[in-house]
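Residue-level structural notes
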Amino acid sequence: MNEQKHDMTGAWALNALDADERAQIEDYLAQDPEAAAEARSFEETAGELARGLEPAPPRPELKDSVMARIARTRQLPPHAEQDADENATPSAPAENTHRAETQAADAPAADSRDAEVVPLDRYRSVVRRTRWLAVAATALLVTSVAGVGLWSTERAAQQDAQETIEALQSAQEDAEQEQQMVSTIMASDDATQLTVPAESGGALHLMYSRDQEAMIVQAADLADLPSGSTYQLWLIDEEGPHDAGLISASDQTVRMEGEMPAGAQLGLTVEPAGGSEQPTTDPIAAGAL
């Protein structure tokens, strides 16, 4: 029962209950402080919404409809004497004529026998309840839309934060792998460093070890390329050029692992975005390993 009463706190706040229901809910609120606080918050919200509404005048046809209903509806019960007279058998043609005229005059009222006569106080209560329920529904819709917008914004922010975290984690992993490779190369007996200048400006700084089959290429101040182009590294041996990675930034670092035959060269070309399977231009930088 308390759950049913709790569900009626919104109607209580909207003043949409009859006297008995309101008395029951107020007794319930007096016994449950938490429910009372919630009901008061509903009442305050309803008040704020009501103050923001423009008064709505009644429809023009409402008065005509009410007056027509009054004209067709009996206002007082008939007297016993009147019932006796109406049930008596008429004794003259004039009385028959009068009865026929009376029945004809009452004919429209017969069509309204099934219509329910609504007291004015009850009608006002229904109108007031309907208006407040409409206000509450509007408030719920606004709250729902705002909630969806807020949820979408928070979801997008969470997604951006997650992508940022993943990018930082990837960058950290790359830095750790690069540091590990540098340590491996520097610890080897055949560690070699080489600088290869580029014709268009900038250079490639190489650090490698054939024994460890590891190489790090550090781009330095390479010229910016037009949109749709990228730098591509090639390891060139007796069998021809082999893709060694792309450079998309002027200071990017590329790690290479694998065999480096004696006499092999490292070359750099400008290729379409995404790279090529084989070089499409002449190298702008090349150095023998």
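- As annotated in an unreviewed UniProt entry, the protein chain carries the name Regulator of SigK and is attributed to Brachybacterium fresconis.

With respect to the overall build of the protein chain
- Scanning the protein chain from terminus to terminus reveals eight helices and eight strands.
- Taking all 289 residues of the protein chain together, 22% fall into the buried category.
- Of the roughly 20300 Å² of accessible surface on the protein chain, 52% is carried by carbon and sulfur atoms.

Considerations on the side chain of Ser-188
- Tracing the chain through its elements places Ser-188 in the loop between helix H8 (120–187) and strand E1 (192–197).
- Polar contacts involving the side chain of Ser-188 include one to the main-chain carbonyl oxygen of Ile-185, which spans 2.6 Å.
- If we ignore the near neighbours within four places in the chain, the residues touching Ser-188 are Ser-209 and Gln-212.

Re the side chain of Gln-232
- If you trace the backbone, Gln-232 turns up in strand E4 (residues 229–237).
- Here Ser-276 takes part through its backbone nitrogen, which lies 2.9 Å from a polar atom of the side chain of Gln-232.
- Those residues in contact with Gln-232 that sit more than four places away from it in its chain are Asp-243, Gly-245, Leu-246, Gly-267, Leu-268, Thr-269, Glu-271, Gly-275 and Ser-276.

A look at a negative patch on the surface
- A cluster of like negative charges, contributed by Asp-189, Asp-211, Glu-213 and Glu-259, occupies part of the molecular surface.
- Structurally, Glu-213 can be placed in the loop between strand E2 (203–209) and strand E3 (214–220).

Comments concerning the sheet that holds E1
- Strand order in the open sheet formed by four strands is E1-E2-E3-E6, and the pairing between neighbours is antiparallel. The sheet is open, and its two edges are formed by E1 and strand E6 (253–257), each paired on a single side. Looking at each pair of strands side by side, their axes are set apart by 20 degrees on average, direction ignored.
- Bridge analysis of E3 against E6 gives five bridges, and the strand direction is antiparallel. Residue pairing for E6: Ile-216 is matched across the bridge by Arg-255.

Concerning the nonpolar core
- One finds Leu-204, Leu-206, Met-215, Leu-233, Ile-247 and Leu-268 to be the most contacted residues of the largest nonpolar core, which totals 23 residues.
- The set of elements that each furnish at least two residues to this core consists of E2, E3, E4, strand E5 (240–247), E6 and strand E7 (265–272).
- If we ignore the near neighbours within four places in the chain, the residues touching Leu-204 are Leu-194, Thr-195, Val-196, Val-217, Gln-218, Ala-219, Leu-222, Leu-233, Ile-247, Leu-268 and Ala-285.

Quick word on unusual backbone geometry
- Residues other than glycine seldom take positive phi values, yet Glu-213 does so here, at roughly 50 degrees.
- You will see that Asp-221, though not glycine, has its phi angle at about 55 degrees, which is positive.
- Assignment of secondary structure puts Asp-221 in the loop between E3 and E4.

Overview of helix H3 (residues 19–31)
- Its 13 residues give H3 an end-to-end C-alpha distance of 19 Å, which sits within 8% of 18 Å, the value for a rise of 1.5 Å per residue.
- Along H3, the residues classified as buried are Ile-25, Tyr-28 and Leu-29. Taken down its axis, H3 places every buried residue within 100 degrees of arc, on the same side. Projecting away from the buried face of H3 at angles above 90 degrees are the exposed residues Ala-19, Asp-20, Ala-30 and Gln-31.
- Capping the start of H3, Asp-18 holds a side-chain oxygen 3.3 Å from the backbone nitrogen of Asp-20, two or three residues further along.

Overview of the pattern of salt bridges
- A complete count under the given rule lists one salt bridge for this structure.
- A salt bridge links Glu-26 to Arg-22, with the nearest nitrogen and oxygen atoms 3.3 Å apart. Taken together, the residues span about one helical turn, with Glu-26 and Arg-22 both in helix H3 at a distance of four residues.

Rules used throughout
- Residues numbered from 1 in each chain as written.
- Predicted model: local features only at pLDDT ≥ 70, side-chain atom pairs only at ≥ 80, totals over all residues.
- Heavy atoms only, no water.
- Helix = DSSP H or I, 4+ residues; strand = E, 2+ residues; numbered from the N terminus.
- Buried < 20%, exposed > 50% of the residue type's maximum accessible area, 1.4 Å probe, protein only.
- Areas by Shrake-Rupley, 256 points an atom, 1.4 Å probe, with all protein chains shown as cover.
- Polar contact = N/O pair within 3.5 Å; in protein donor to acceptor, adjacent residues only side chain to side chain.
- Contact = heavy atoms within 4.5 Å.
- Patch = residues over 30% accessible without salt bridge, like charges linked within 9 Å, V, L, I, M, F, W, Y side chains within 5 Å.
- Salt bridge = Lys/Arg side-chain N within 4 Å of Asp/Glu carboxyl O.
- Lys, Arg positive; Asp, Glu negative; His and termini not counted.
- Charge placed at Lys NZ, Arg CZ, Asp CG, Glu CD.
- Pairing = 2+ DSSP bridges.
- Axes fitted to C-alpha atoms, helices over the stretch in contact; angles between N-to-C directions.
- Core = buried A, V, L, I, M, F, W, Y, C linked by side-chain atoms within 4.5 Å.
- Expected span 1.5 Å × (residues − 1).
- Arc of directions from axis to C-beta.

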